[in-house]
Amino acid sequence: MTPAAEQWSLYSAAQNLPAVLNDPNRGKQSNFFIKTWGDTFVEKNQIEKSPFLPEITYSHFDTYIRKIGKRYKRHIRLSQSKLEPNHVKTRSKTDLLNGEVNIDNIPEIFLKQNFPLNDPSVFSQVFHGNDRNKDYLLQEELSHYLDIVEVQIAKQVSQKSGAFFHAMTSHDTIMEQMGVAYNEVRTLRSKVQKVDKTLAKDSLKLVGLARSKTNHVKLVDKLKLMSTVLQTQPTLQLLLSSSDYVAALELISSTQEVLSKELAGVTSLRHLPSQLKEMSKLIDKMLSTEFERYAAADLHRPLNANGGVLEQERLISLVAGLLRQNHLQFLETYKQEAVTAAQALLKQLLIEQLADVEDDMEHCLTGSGEVAPSMDAANWLKVLTLASEAFGKLVQRVKAVHNVIKETADTSAGLKSTAGLRDTENFLTLEDHNRVEVKLKDLLISICDYCHERLASLVSTQSDKQTITAAQVTELSAIVDSFTELCERICGRQSAALRAAFKIQAGNYVHKFHSQRKNKLTMLLDAERWKVAEVPQEIQVLVDKLALGNTIKSLPSSPSDENGVEGLKKPSPALRIGNQDYTTVGTVLILIQLVCEYCVCAYNLQLLAPIIGRNLTELLRTFNSRCCQLVLGAGALKTAGLKTITSTNLALTSRSLQMVLWMIPHVRAHFNALTGDPLNGFDVVERDIGHHIQQLETKVLSIMNSLLGDQLNEWDAKPPVPSKAFRNVSRHLTKLHEAVSSVLPEEQVKG
């Protein structure tokens, strides 16, 4: 059905008549028939705004209207100019009463429930322009529409007059029935009130009394809790007087928690949280100050005092309090105090030990306890010994405190139990515990490194121009090894500063050691007459040690050091090694002693054993090359004043080199045992000496070939027999045998 086909009637209204007449809240209405029908026929109830919908006002569309207002007005004006004017034909009310005009003639826009004239489209449909003639016509048209509506209402009322009167009659009956129901309801309510008073209120009163009792109990508990909280400050003073910082901090923390949760909003306690906060800050400052005092007292007390921890219970209490506050900076404080103690210790030690050497030595010291290089070697070593011992005691003292702090941290994290702390005080998290362990390890490493640096500076002060003996270098090595092992055992890590300084100092000594012996060997070779030398007993002892493979740790000053006074023997003509005798020159005997000195030096300075081994190979190469220059190159004719290089000289040189060649494997084994790594330089020297020996043998053979060749060239097969040439050949061979038989071994002579 289309909207045009629908006939408007009374039942199409928003309010129907029965609902209006039977409103129980209004009662019987006497002015019903004199009220004007419309929106105000029934009183409107104010409906509250929904909290879920935003409030939309005209201002929300103001921007849009201003933006397109001009365009829309222009559009309306153009569209109206194209339409023909509508002429409203009015009819008389007689025609309306006769039914010639019905409600369908009224435009649909006037019949809508929502008729917003503020809408531009609605307004433009109702009003057409500003012409006065058109306004008059519009007024006439609207009056005509109103007449149509009134006529239709009158028709509906006339048609339903019986229904109206029937409704009024029914309304009176309903009102009487509602009065009776009202009285019955009032009677029922009075009875319910009596039952409520008799059965319900007394029971509810009991429930209220029980709740009141519960509230009173809670109030008493609150008052007791307030009384306990008010006793916090006297209890804190008592705990602090007994140095129980952890308990004091726990009390502050628990009290603050109670104030923030259970006693929140209590006016009388409003200032207590700020007071507790200030008290916590005061304890923090007290802990830091007390720990600084403890560190100074512990680290600056005499080293010969009791080696245990100073006031261990006090230290545990202080450390536990600092850990409770998560203030790990105290470890840095202790580290700085330990560094200061080390500086003061070294400075005081130098002043005391060097006061007799130089009156104004104190002016030579700096704030770090360093000293100018003005000491001789003996005083220098004495100071190093005392300083290493003092630093060792200081490091051990720091280690003892470190152990106490670590045990306290373990207990605070719940990893173990300690007598000084209760098991319930597990306030340190595992993450913070790991941080404490890292800082403790850094504390030990830093103190050990600093002590190493200070000792290294003392080692470095020794001037290169001052003479240092092998015994002093050995003593220095023992000092360095002892202190390094102590620090490594304490902190678990090697410090390189002291060993590096010692390596430099020992390197300088090794360089001087090598230069002196190299120059000595060169001078001995230049003065060597290349004759057989007698072998002292101490050289034979050294060779015997090498033959047995024993590590040479020291050089005997005389044979009595090995065999006693009765063991003194005269020098032997040759070195006895096993079943062979080695006839050598005097320089080789000195070389054996020099080689043993290198072995002893490497044993005493094992850190520089590789360098000493390389220096020894250089010494042996120097010996080999210089022997080649002096014998094969005939340099001895100038340096030693020899007239000629004989076969005896060549054989003696060869045997001397064989002695050196025998000695090289034993020396190599000695150095390999000290260094742990093979030294390749000995192989090269061994090969060079072997080649040199072959050259000497070739030289002897070439001399004989030359002599025998000259005789054989002059030989002629004629009497006498033997001829003169063969007699000369026999004489040359006899001389050669006499020259080499006393030097070379029998198997080599026969071969």
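The structure presented is a predicted model; accordingly, all values stated were derived computationally and were not measured. (Residues numbered from 1 in each chain as written. Predicted model: local features only at pLDDT ≥ 70, side-chain atom pairs only at ≥ 80, totals over all residues. Heavy atoms only, no water.)

**Q** Explain the pattern of salt bridges to me, please; I cannot follow it from the model alone.
**A** One side chain can pair with another of opposite charge once the charged atoms of both are near each other. Under the counting rule described, the total for this entry stands at 15 salt bridges. With a shortest N-O distance of 2.5 Å, Arg493 and Asp449 are connected by a salt bridge. Remark: Asp449 occurs in helix H13 (residues 430–460) and Arg493 occurs in the loop between helix H14 (470–491) and helix H15 (496–527); sequence separation between them is 44 residues. A salt bridge links Arg668 to Glu686; the nearest nitrogen and oxygen atoms lie 3.2 Å apart. Within this pair, whereas Arg668 is found in helix H21 (residues 647–675), its partner Glu686 is found in helix H22 (residues 681–714), the two being separated by 18 residues in sequence. For Arg668, a relative accessible area of 17% gives the class buried. Take Glu686: its relative accessible area is 25%, and that puts it in the partly exposed class. (Salt bridge = Lys/Arg side-chain N within 4 Å of Asp/Glu carboxyl O. Helix = DSSP H or I, 4+ residues; strand = E, 2+ residues; numbered from the N terminus. Buried < 20%, exposed > 50% of the residue type's maximum accessible area, 1.4 Å probe, protein only.)

**Q** What am I meant to see in helix H16 (residues 537–548) here?
**A** Given 3.6 residues to a turn, an α-helix orients residues that are three or four positions apart in the same direction. Its 12 residues give H16 an end-to-end C-alpha distance of 17 Å, which sits within 8% of 16 Å, the value for a rise of 1.5 Å per residue. Every buried residue belonging to H16 is among Gln537, Ile539, Gln540, Val541, Leu542, Val543, Lys545 and Leu546, and all of these are buried. Trailing H16 by a residue or two, Gly549 shows a phi angle of about 80 degrees, which is positive. (Expected span 1.5 Å × (residues − 1).)

**Q** Whenever I open this one, the side chain of Ser457 confuses me. Can you help?
**A** Note on placement: Ser457 falls in helix H13. Here Arg454 takes part through its backbone oxygen, which lies 2.5 Å from a polar atom of the side chain of Ser457. (Polar contact = N/O pair within 3.5 Å; in protein donor to acceptor, adjacent residues only side chain to side chain.)

**Q** Whenever I open this one, unusual backbone geometry confuses me. Can you help?
**A** A negative phi angle characterises most non-glycine residues, just as the trans form characterises most peptide bonds. Although it is not a glycine, Trp530 sits at a positive phi angle of roughly 60 degrees. If you trace the backbone, Trp530 turns up in the loop between H15 and H16. According to the relative accessible area criterion, Trp530 is buried, its value standing at 2%.

**Q** Even after reading the chapter, I still don't get the confidence of the model for the protein chain, so can you show me in this structure?
**A** Reading fine detail from the predicted coordinates is not recommended where pLDDT is low. For the protein chain, the mean per-residue pLDDT works out to 76, and 71% of the residues sit at or above 70. Within the model, the stretch residues 84–90 combines pLDDT values under 50 with two contacts to residues more than four positions away or in other chains. Of the regions scoring below 50 in pLDDT, residues 559–567 engages in 10 contacts with residues more than four places distant in sequence or in other chains. (pLDDT = per-residue confidence, 0-100. Contact = heavy atoms within 4.5 Å.)

**Q** I keep staring at the packing of aromatic side chains and nothing clicks. Help me out?
**A** Here the distance between the centres and the angle between the planes together describe a pair of aromatic rings. The tally for this structure, following the rule as stated, stands at seven aromatic pairs. Between Phe291 and Phe330, the aromatic rings sit 5.1 Å apart at their centres with planes inclined by 85 degrees, giving edge-to-face as the arrangement. Pair noted here: Phe291 is in helix H9 (residues 272–299) and Phe330 is in helix H11 (residues 329–353), with a separation of 39 residues, a long-range link. Of the residues examined, Phe291 reaches a relative accessible area of 1% and is grouped as buried. Residue classification places Phe330 among the buried residues on the basis of a relative accessible area of 5%. (Phe/Tyr/Trp six-rings, centres within 6.5 Å; stacked < 30°, edge-to-face > 60°.)

**Q** Looking at this model, I keep getting lost on the environment of Phe127. Mind explaining?
**A** Within the secondary structure, Phe127 sits in the loop between helix H4 (120–126) and helix H5 (132–159). Residue class for Phe127 comes out partly exposed when judged on its relative accessible area of 31%.

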